[in-house]
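# Examining the three-dimensional arrangement
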Amino acid sequence: MTRALSRDKFMRRWNGWGDDSIDYPLPASAENYLVEKLGALSAFPDARLSAVLATVPTSRLPTHPLVQTDAETRVRHARGQSLPDWIALRSGRIDTFPDGVALPTSEDEIVEVLRYARAIGARVIPYGGGTSVVGHINPSPSAAPVLTLALTRMNRLLSLDETSRLATFEAGVAGPHLESHLDARGYTLGHFPQSFEYSTLGGWIATRSSGQQSLYYGRIEQMFAGGRLQTPQGHVEIPIFPASAAGPDVREMVLGSEGRFGVITQATVRVRPRPRAESFHGVFFPTWEQGIAAVRYIVQNNLPVSMLRLSDAQETETTLLLTGKRWIEPATRALSWIGYRAERCLLIFGVTDASPRAASAACRRFGGLVIGTLIGHTWQKNRFLSPYLRNTLWERGVAVDTLETALPWARVADAARAIPQAIVNAARAYDERVLVLVHLSHIYRDGASIYTTYLFRRTADPDALLERWRAMKTAASETIHAHGGTITHQHGIGTDHAPYLAREKGALGIAALRALCRTFDPDGMMNPDKLVRTGEE
Ligand SMILES: Cc1cc2nc3c(=O)[nH]c(=O)nc-3n(C[C@H](O)[C@H](O)[C@H](O)COP(=O)(O)OP(=O)(O)OC[C@H]3O[C@@H](n4cnc5c(N)ncnc54)[C@H](O)[C@@H]3O)c2cc1C
């Protein structure tokens with residue numbers, strides 16, 4: 001067993017993304033471009049931490065040695081990373097806080113925290129890295145006290161079975177710690193969500209997360225082999241088998257459980273030897289349709305790629321501008337001369353321990369211009385840095401949100417056109433323009449995920465901003481549903497997607513989910529109102 005790594009006093013922004021010593025400056029050319037697309041921008045001041053601390057009500061929890069009730073710890077665990085969360089944090093209008101935060105260091109302490117919470121009738125929110133973008137970790141208003149149970153201090157590698165290539169970790173381990181434990185032994189998990197810096201193994205499992213190289217390494221569902229769940233009714237041990245036909249799989253029940261059944265305390269994952277070579281390549285296609293045909297061909301013919309990320313024309317243009325590099329202008333002019341004009345779309349593909357030749361040849365077959373590794377490696381270098389741009393944009397007066405779905409190939413092109421249009425139409429009702437960027441990033445033999453980023457101007461009034469966000473999000477979600485897409489490919493349900501869950505699961509499916517909640521948690525103590533509303537079990 002390795003020593004626990006301390007990340008209690010990290011210099012993490014309390015009201016934005018990431019380490020507060022890291023900035024992602026906006027190149028002047030990109031700022032001009034945003035003004036051209038969205039209109040004149042205004043910056044509005046954010047609430048100060050000291051002012052927010054003064055609004056935190058007295059804790060309703062009796063003292064316990066494992067529970068911290070100071071205002072700053074409670075503020076820092078009050079919200080995740082969705083746009084509504086940012087609006088609440090940055091405006092200082094936070095209507096609910098946890099009454100305390102437990103930071104256990106062992107499984108026994110988790111059991112003790114659950115016992116304490118049950119004895120006093122508290123609600124418990126399991127908390128990994130707090131990177132949820134759909135309201136997973138926000139306390140809902142409650143007459144009972146709310147206790148956030150943060151797994152921050154539970155980040156040890158418990159064992160590594162090199163014969164079976166199985167590693168067991170405490171569930172609070174965050175991406176960089178997990179990979180450094182494995183790297184020291186020559187292995188990798190290969191799960192790289194963009195939130196890698198802060199999100200945790202338990203959070204990935206509880207939200208059915210997908211990493212950027214899922215095409216090679218798989219989604220967390222394929223990596224998660226088993227582990228332990230502590231519920232208010234006792235613990236559930238999920239045994240590790242390479243495969244099993246022993247009826248419905250409890251492991252599958254834990255995946256996506258969003259803290260509703262209990263706390264995942266430890267998890268065993270399937271690891272691989274660290275790759276010997278990895279590279280990322282850029283390709284331009286004259287049109288989006290040609291790009292889609294190429295990525296579909298690549299996956300349906302099993303060509304060796306570890307990732308495919310195909311940007312639409314708008315995202316391609318914006319990505320190039322955001323690099324701020326001087327060579328971009330002459331390079332894009334040269335692309336236009338040879339026929340890759342305004343409709344051009346950029347594909348970045350990765351290969352791991354394989355040659356890029358087969359994928360490159362497939363791209364050429366569909367009109368792709370393979371341009372080497374410069375753009376691909378710039379993407380790789382910045383892939384965990386790009387969330388920092390959200391801080392800069394906000395401070396310049398621009399709000400950013402993302403949403404995602406997945407659906408069969410036969411409907412991908414239509415949905416990828418309709419989702420941005422729905423967002424643009426919703427913004428028009430407020431006389432606002434919105435910049436919508438789309439890419440396909442998780443590609444399957446039978447379909448793809450569509451990932452949408454939209455940028456629009458902030459308003460001085462946080463309620464007005466929230467109203468605009470809600471209108472755009474609802475329009476996009478309804479369009480996703482109308483096209484037969486899932487409400488989420490990787491972000492999960494939380495509270496923001498909860499109204500759409502019944503449409504996907506059906507009445508009987510939801511009743512089964514509620515019955516599971518009741519079985520593990522008869523008093524409705526765990527993460528209230530996430531997935532399905534508490535009290536309706
Ligand atoms: C900038 C950014 C980029 C992102 N990129 C991606 C991406 O590429 N792919 C992707 O899949 N997601 C992405 N996300 C979403 C988010 O990072 C994932 O949902 C992630 O899996 C959440 O992990 P976490 O540890 O932060 O969990 P938290 O946000 O702390 O919690 C999420 C949910 O999981 C539950 N939970 C957490 N730990 C446990 C546990 N040990 N036991 C039981 N329940 C638990 C919580 O109760 C909650 O319901 C991104 C988010 C941001 C802000």
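We now turn to the structure provided with this report. (Residues numbered from 1 in each chain as written. Predicted model: local features only at pLDDT ≥ 70, side-chain atom pairs only at ≥ 80, totals over all residues. Heavy atoms only, no water.)

### Topic: the overall build of the protein chain
The condition is simple: Each helix corresponds to a stretch of at least 4 residues labelled H or I by DSSP, and each strand to a stretch of at least 2 residues labelled E; elements are numbered beginning at the N terminus. A radius of gyration in this sense is built from C-alpha atoms; the matching globule rule multiplies 2.2 Å by the number of residues raised to 0.38. Exposed residues in this analysis have more than 50% of their type's maximum accessible area, buried residues have under 20%, and partly exposed residues fall in between, with area computed by a 1.4 Å probe over protein chains only. Any two residues whose heavy atoms approach within 4.5 Å at even a single point are treated as in contact. Accessibility throughout is a Shrake-Rupley quantity obtained with a 1.4 Å probe, and a residue counts as covered only by protein chains that appear here. Neither His nor the chain termini are counted; the positive set is Lys and Arg, and the negative set is Asp and Glu. To locate a charge, take atom NZ for lysine, CZ for arginine, CG for aspartate or CD for glutamate.
When helices and strands are counted, the protein chain shows 19 helices and 18 strands. Taken over C-alpha atoms, the radius of gyration comes to 23 Å for the protein chain, in line with the 24 Å a tight globule of 537 residues would show. Out of the 537 residues belonging to the protein chain, those deemed buried represent 57%. Of the contacts made within the protein chain by residues no fewer than 6 positions apart, 77% connect residues no fewer than 24 positions apart. Total accessible area on the protein chain is roughly 22,000 Å²; 53% of this is exposed by carbon and sulfur atoms. Separation of charge centres in the protein chain, based on 59 positive and 53 negative side chains, amounts to 4 Å.

### So, the sheet that holds strand E17 (residues 434-443)
Short version of the rule: Any two strands between which DSSP finds at least two bridges are classified as paired.
Read from one edge of the open sheet, seven strands run E15-E12-E14-E13-E17-E18-E16, paired in antiparallel fashion. Edge strands, defined here as strands with exactly one partner in the open sheet, are strand E15 (369-370) and strand E16 (398-408). Note: E16 against strand E18 (residues 447-457), 11 bridges, orientation antiparallel. Paired with Thr402 across the bridge in E18 is Thr453.

### Details of the site of the ligand
The criterion, for reference: Working definition: residue near molecule or strand if any one of its non-hydrogen atoms lies within 4 Å of it. Identification of polar contacts relies on pairs of N or O atoms within 3.5 Å, with a donor-acceptor requirement for protein atoms, meaning one able to donate a hydrogen and the other able to accept it, and with residues adjacent in sequence counted only if both atoms are side-chain atoms. Residues were grouped as follows: Ala, Val, Leu, Ile, Met, Phe, Trp, Tyr, Cys and Pro as nonpolar; Asp, Glu, Lys and Arg as charged; and all remaining residues, including Gly, as polar.
The immediate surroundings of the ligand are formed by 35 residues, with Pro126, Gly128, Thr131, Ser195 and Thr200 found nearest. Separating an oxygen atom of the ligand from a backbone N or O atom of Gly203 is a distance of 3.4 Å. Separating an oxygen atom of the ligand from a side-chain N or O atom of Thr207 is a distance of 2.8 Å. Contact with the protein chains removes 97% of the 960 Å² of surface that the ligand exposes when unbound. When contributions to the shell around the ligand are tallied by element, the ones reaching two or more residues are strand E3 (123-127), helix H7 (201-207) and strand E10 (263-270). Of the residues contributing to the shell around the ligand, the split by class is 13 nonpolar, 21 polar and one charged.

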